[in-house]
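Chain residues, written in single-letter form:
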Amino acid sequence: LYKAYGAWHVRYRENVWQKDGTTQRMQLSKRVATLADCPRKGDAWVLAQQMLGQVNSDLTGGSGTMPLGVFLKTVYLPYVQTQKRPSTFKGYRDIWQRHLKSRLEDVRIREFRTWDGERLMQSIASTTDLTGTSLRHIKAVLSGIFTHARRTGALDGVNPMQGVSIPKARESEDTYAYSLDEIYRMLTILPDPAATVIATAAFTGLRKGELRGIRWDHYTGTSLSVMHSVWNRHIGEPKTRTSKAPVPVIRPVAVFLERYRSALGNPQTGWIFATPKGRPLHIDNLTRRTIQPALKGAGIEWHGWHAFRRGLATNLQRLGVPIKVAQAILRHAEFGTTANLYVKTVDADAVEAMAKLETECNDRAMAAFAGLAADVVN
């Protein structure tokens, strides 16, 4: 422990991670406190011992001194790339690039504390217009980084993101569910393949990637087996095991599919929605070039492909179909996902519900209400 530049400093040695992946024993120095804050050497020594406690108890063999930016690039993202879906990998990488890299790239794994995580989330919330959902995603990615650091021995101890709160932020915009009337209007104005793609999306509840991945080989006329999901040029499996369940095809969808198949020359194999070169159709291009201009001209607002999936859940519920059955049709693993996130209650439903309540209020009940009101007046 020594004095320099008006402060107490502690000099020590530890194993430090190097750019070539090795560790090297190095002499380091850190400031403990200013002389004004801590004039006595004994008090400064107590603070120094606390500071060095983490160094002396480190069991990571020096890998805990690796900067987070290096760990992410050389360890964590390669792991995510092999274990997660390509879209998930891109999402994690984008969150790091946009919100975390500039703040954490040079921070050593071992030195990041829960307090640092709390300040980080507050800083992101105060300098961006992100929703609470987006902030939760950021926290989840950072927590995943430290969880993997523990798995690989670069972190010894609890995940520092445990206990970090999510700052108050603006609420996410309400999601949308297409009504049957809106879907019918779309189908009357759109040409193929757009009309058939939308009919399939609206009445099967397939996700966008699954729409690109369905094949004639897996279509029986009354059902579709979802065996693939396509994202950009990546062809993989559906999102979950439950997603592989066969999807019933009602007669109106079958009519659209058979008409479309006939126009293609009645293929029996291959992607149902394909480019002239035989690759899965890029639905985002179809949306931008054909669907959105046509809908705009007809005064119909475009709310994205997931609005058809929510629309199916909502329309089934309004027809009296139990949510548990809708869950099976949408192939959700959890009942709550269908009930809480996909079934939308529209204003007309609320009016109808109150009308039913009014009907239940018979003359006797109304008389009781009248009597109660008279007692209050008297």
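It should be emphasised that the depicted structure is a prediction, and the values quoted were computed from it without experimental measurement.

Draft legend 1. Structural view of the pairing of strand β2 (residues 7-17). Of all 11 residues making up β2, eight are buried, and the element is well covered by its neighbours. Two elements, strand β1 (residues 2-4) and β2, share three bridges in a ladder whose sense is antiparallel. By the bridge assignment for β2, K3 is matched with W8. Inspection of the sheet shows β2 paired to strand β3 (residues 23-34) by 11 bridges, in the antiparallel sense. What sits directly across from A7, in β3, is T34. Hairpin connection from β2 to β3: five residues lie between these consecutive antiparallel strands, with G21 at a positive phi of about 90°.

Draft legend 2. Representation of the nonpolar core within the structure. Counting residues in each nonpolar core, the largest one holds 39 residues, and the members touching the most others are I291, W305 and F308. When residues of this core are traced back to their parent elements, those giving at least two are α6 (180-189), α7 (194-204), α9 (251-263), α10 (283-297) and α11 (306-318). With eight residues, the single largest contributor to this core is α7. Once residues within four sequence positions are removed from consideration, W305 is found in contact with V197, I198, A201, K208, L211, I283, T287 and I291. Within the second largest apolar cluster, 29 residues are counted, among which are W17, F71, I95 and L120.

Draft legend 3. Structural context of the packing of aromatic side chains. The final tally for this structure, using the stated rule, is 10 aromatic pairs. Taken together, a centroid distance of 6.4 Å and an interplanar angle of 40° make the contact between Y178 and W302 tilted. In this pair, Y178 is assigned in the loop between α5 (132-151) and α6 and W302 in the loop between α10 and α11, connecting sequence segments 124 residues apart. Pair check on accessibility: Y178 and W302 agree, each one buried. An aromatic cluster is built from Y176, Y178, W302, W305 and F308, whose rings are joined through pairwise contacts.

Draft legend 4. Spatial organisation of the environment of L180. Secondary-structure assignment places L180 in helix α6. Using a relative accessible area of 27% as the deciding quantity, one classes L180 as partly exposed. Through-space distance from the C-alpha of L180 to that of T314 is 9.9 Å; in sequence the pair is 134 residues apart.

About the criteria used
Residues numbered from 1 in each chain as written. Predicted model: local features only at pLDDT ≥ 70, side-chain atom pairs only at ≥ 80, totals over all residues. Heavy atoms only, no water. Buried < 20%, exposed > 50% of the residue type's maximum accessible area, 1.4 Å probe, protein only. Helix = DSSP H or I, 4+ residues; strand = E, 2+ residues; numbered from the N terminus. Pairing = 2+ DSSP bridges. Core = buried A, V, L, I, M, F, W, Y, C linked by side-chain atoms within 4.5 Å. Contact = heavy atoms within 4.5 Å. Phe/Tyr/Trp six-rings, centres within 6.5 Å; stacked < 30°, edge-to-face > 60°.

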